[in-house]
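# Fold and contact review
Below, each chain spelled out in residue letters.
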Amino acid sequence: MLNADLLAQIEAAATILHNGGVVAIPTETVYGLAADAANPAAVRRIFEIKGRPTDHPLILHLADAAQLDHWAREVPKSAQLLAWHFWPGPLTLILPRSPYVSNLITGGQNTVGLRVPNHPVALALLRAMGPNAALAAPSANRYGRISPTTAQHVRDELGDTVDMILDGGPCQVGLESTIVSCIGDTVTVLRPGGIPLTAIETVLQQRVEVIDSSASKIRVSGSVLSHYAPTTPLELIAHDNLWQRACELQAQGLRVATLEWSAFNEVHSTQNSIVRTSMPADAEAYGQKLYATLRQLDNAHFDRLLAEAPPQKVEWLAVADRLKRASYRV
Ligand code: TXA
Ligand code: MG
């Protein structure tokens, strides 16, 4: 349960938000940068702080699924089923927007992204905001960078450009929500994330397509290829070539760190300076650690990061997607 100190902070955050402020909030996926969705000036500040283009839509966070009808014009059966099964949780539904949703939030599109986060602090804050309130919140990072999974990450990256940072501990999921578009009879995944594709297919009892959003016209900011990127250039390398590549770069005088999910079963020379990071072999656990690890390695100022390519299995979709985008520049 929430202690008295945290409850007081949540009250203070609600007051700041009611007065048009911007507050970084914990969710189960990543930290968000929140503003009152009904206050255009506050929402505009989110774009300024992030350095995000204004045609990239924001998602709205709701206290519960009962508010769907207020923010969406139409809620197809598929969306009702998904909300019922996965909210509160790491699922964002894209639905036709209601007249209460401003152009500023949707980037001019006629759809809106909605989600009920599964974090006690976020939910308490949403309830404190009052009936039918929504918080517009993208991830609390600068545009194109890695999402923050602790309050300290937000402090490091946004500092005092935000009015308050609510500390709800490290994020349990660690990767962003799965975005599912439910328009008319068509259901598609626009961004793999915290809810596995197989779970969505099981609930809907149908196959669901994952759209490579980088190829579509829909402006999903995660669809910009160089998204979710560390500052240090990152290469995504198959297991069998990883060590050879690391040695090659080291021979060029570069400081190299690896991220490896398969067991460290080979004996490699210890007299070199290649730093090996052991990552979990389980997709969920890997996802939980990924952003924090990339930030840590970024801060250690290596010249190159080498990530072992993840298994080509459906449960690794979200991790594979983020690693691919993080590695684009090489
Ligand atoms: O887990 C999450 O979803 C986190 C936490 C804070 O809730 N939020 C998050 O927000 O990742 P953001 O803005 O970083 O990513 C949301 C994505 C963006 O890529 C945005 O373009 C897309 O959702 N999006 C929002 N509204 C949309 C719409 N109407 N149609 C298509 N994509 C949309
Ligand atoms: Mg983001």
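The rules we used
Residues numbered from 1 in each chain as written. Chains lettered and ligands numbered in written order. Predicted model: local features only at pLDDT ≥ 70, side-chain atom pairs only at ≥ 80, totals over all residues. Heavy atoms only, no water. Helix = DSSP H or I, 4+ residues; strand = E, 2+ residues; numbered from the N terminus. Expected span 1.5 Å × (residues − 1). Bend = angle between axes of the 7 residues up to and from the residue. Buried < 20%, exposed > 50% of the residue type's maximum accessible area, 1.4 Å probe, protein only. Contact = heavy atoms within 4.5 Å. Domains from an automatic or database assignment. Buried area = accessible area lost by both parts, 1.4 Å probe. Salt bridge = Lys/Arg side-chain N within 4 Å of Asp/Glu carboxyl O. Nonpolar A, V, L, I, M, F, W, Y, C, P; charged D, E, K, R; others polar. Phe/Tyr/Trp six-rings, centres within 6.5 Å; stacked < 30°, edge-to-face > 60°. Lys NZ or Arg CZ within 6 Å of the ring centre and 35° of its normal.

### Here's the deal with helix H10 (residues 283–299)
When the terminal C-alpha atoms of H10 are compared, their 24 Å separation across 17 residues agrees well with the 24 Å that a helix rising 1.5 Å per residue should span. Along H10, the sharpest kink reaches roughly 40°, centred on Leu290. All of the buried residues in H10 are Ala283, Tyr286, Gly287, Leu290, Tyr291, Thr293, Leu294, Arg295, Leu297 and Asp298. If you follow the buried residues of H10, they end up packed against helix H7 (151–158), strand S11 (234–237), strand S12 (256–260), strand S13 (275–278), strand S14 (304–308) and helix H11 (317–326).

### Comments concerning the domain arrangement of the protein chain
You can read the domains of the protein chain as domain 1 (4–215) and domain 2 (234–326). Spacing between the C-alpha centres of domain 1 and domain 2 amounts to 30 Å. Each partner contributes to the interface: domain 1 provides 25 residues, whereas domain 2 provides 15 residues. With both chains or domains summed, domain 1 and domain 2 bury close to 1500 Å², and 57% of this area falls on carbon and sulfur atoms. Of all residues in domain 1, Ile146, Leu175 and Pro192 give up the largest surface area on contact with domain 2, accounting jointly for 39% of the area buried on that side. For the pair domain 1 and domain 2, the number of links is three salt bridges. In this structure, the salt-bridge partner of Arg145 is Asp298, at a minimum N-O distance of 3.4 Å. In the side of domain 1 that touches domain 2, the residues fall into nine nonpolar, 11 polar and five charged.

### A short note on the packing of aromatic side chains
Scanning the entire structure with this criterion turns up two aromatic pairs. Relative to Trp316, the ring of Tyr286 has its centre 5.4 Å away and its plane inclined at 70°; by these criteria the two rings are edge-to-face. Note that Tyr286 is positioned in helix H10 and Trp316 in the loop between S14 and H11, a separation of 30 residues in sequence. Neither residue differs from the other here; Tyr286 and Trp316 are each classed as buried. Grouped by ring-pair contacts, the aromatic residues Trp261, Tyr286 and Trp316 constitute a single cluster. The ring of Phe302 has Arg255 sitting right over it, with the charged end atom 4.7 Å from the ring centre.

### Here's the deal with unusual backbone geometry
Residues Trp87 and Pro88 are joined by a peptide bond in cis, for which omega reads -5°. Within the fold, Pro88 resides in the loop between helix H4 (77–86) and strand S4 (91–96). One non-glycine residue, Gln205, adopts positive backbone phi at about 50°. Locating Gln205 in the fold gives a position in the loop between helix H8 (197–204) and strand S10 (209–210). The exposed category is assigned to Gln205, whose relative accessible area is 73%. Within the chain, His301 stands out as a residue other than glycine whose phi angle is a positive 55°.

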